[in-house]
Every structure is written in C-alpha cells, then in structure tokens.
Amino acid sequence: MKKAKIRFLKTSNAIIAGLITLLGFASSCGKINDPKVEYGTPSAKFIVNGKVLSSDSNEAIENIRVIMKGDTTRTDIEGNYQVVDAYGFPGDQAYDIQFQDTDGAANGDHQNLDTIVEFIDSQYIGGSGNWYHGEATEELDVQLKPKK
C-alpha cells in the first residue's frame, strides 16, 4: 500500500509539472502582431546653448563656467557654451543655469549670474517613437557685468 501511494504521488507530481510547463510556454508565446511591452520612463534631451558676453564691451568672455543640472562646461574663446540634460522628462521644463567667472582677472573680473531657461511646448527632434521623445534646444545669450 505504501509503495502504491508513493508511485501515485510521483506520477501525479510529474503530470502537474508537465502541465505547468506547457501552460507556461503557451502563455509566453504571443502572436506575431501582438504589440511589444516596453518598460521604462519617457525621456528627452534638453540642450541649452548660447554665448557669454561682457556687458560693458560686448566682447566674448572665455573660460566662464556654465552649470545646468549636473552638466558643467566652460565657454570657448568665442564665448560659446552648451549644457545638456540628457535624461529629462518630456514636457514643460525650467532649468536653473549658473554662469561663474572662476579665473579671476584673467579674462576680466565679472559678476556671477544665476538665471532660468524654460522649455515650454517644445518641439522634439529625433525621437524613437517609443519612450525617447527626442531633443529640444533653447538659445540663451547672456551678458555679465564687470565687478566694481
């Protein structure tokens, strides 16, 4: 009696395991036209570029540090800069941007500037059609006042 019970349990376990395996494969195989499921968060790249000039001479200022949400750069010899938030959430955005003269009198001594750039109803370029919406660009030229 005991051997029969053990054989019955082994057989029923094997049948149940086989059914679960078949059901698992059957539920995971979708049709070819089924939409693919994606996981993630919508994202977009926000780019701010511009030029930094001196307010008294209207000349480009080199080596000004520009900071926007974790991205830091310095202006080139013509005062140009570009900062990027590569993983922003698509939609209206406002970014704090800091302009800092960190080299002292080397390129003239200028006051720091904190300002805001806004992306409102932005047009995104180069999106994937899925989670990545593309990139939006804003131009921000600033003039720094000399320190007195």
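Preceding this paragraph is the structure being described.
Described below are features of the structure shown in this document. (Residues numbered from 1 in each chain as written. Predicted model: local features only at pLDDT ≥ 70, side-chain atom pairs only at ≥ 80, totals over all residues. Heavy atoms only, no water.)

1. Some remarks on the pairing of strand E8 (residues 132-139)
Each regular strand displays side chains that alternate between the two surfaces of the sheet. Test applied: When DSSP finds two or more bridges between a pair of strands, those strands are recorded as paired. Secondary structure is summarised from DSSP: a helix means a run of H or I of at least four residues, a strand means a run of E of at least two, and numbering begins at the N terminus for each.
In terms of strand pairing, strand E1 (residues 43-54) meets E8 through six bridges, oriented parallel. Residue pairing across strands places Ile47 opposite Thr137, the latter belonging to E8. The hairpin formed by strand E7 (residues 125-126) and E8 contains five residues between the paired strands, and Gly129 there has a positive phi angle of roughly 85°.

2. Thoughts on the packing of aromatic side chains
Threshold: Stacked, edge-to-face and tilted labels apply to pairs of Phe, Tyr and Trp rings (six-membered ring for Trp) whose centres lie within 6.5 Å, assigned for plane angles under 30 degrees, over 60, and everything in between, in that order.
Scanning the model with the defined rule gives five aromatic pairs in all. Seen in terms of ring centroids, Phe46 and Tyr124 are 6.1 Å apart; in terms of plane orientation they differ by 75°. Their pairing is edge-to-face. One end of the pair, Phe46, is in strand E1; the other, Tyr124, is in the loop between strand E6 (113-119) and E7, with 78 residues separating them in the sequence. Taken together, the ring pairs in this structure connect Phe46, Tyr95, Phe119 and Tyr124 into an aromatic cluster.

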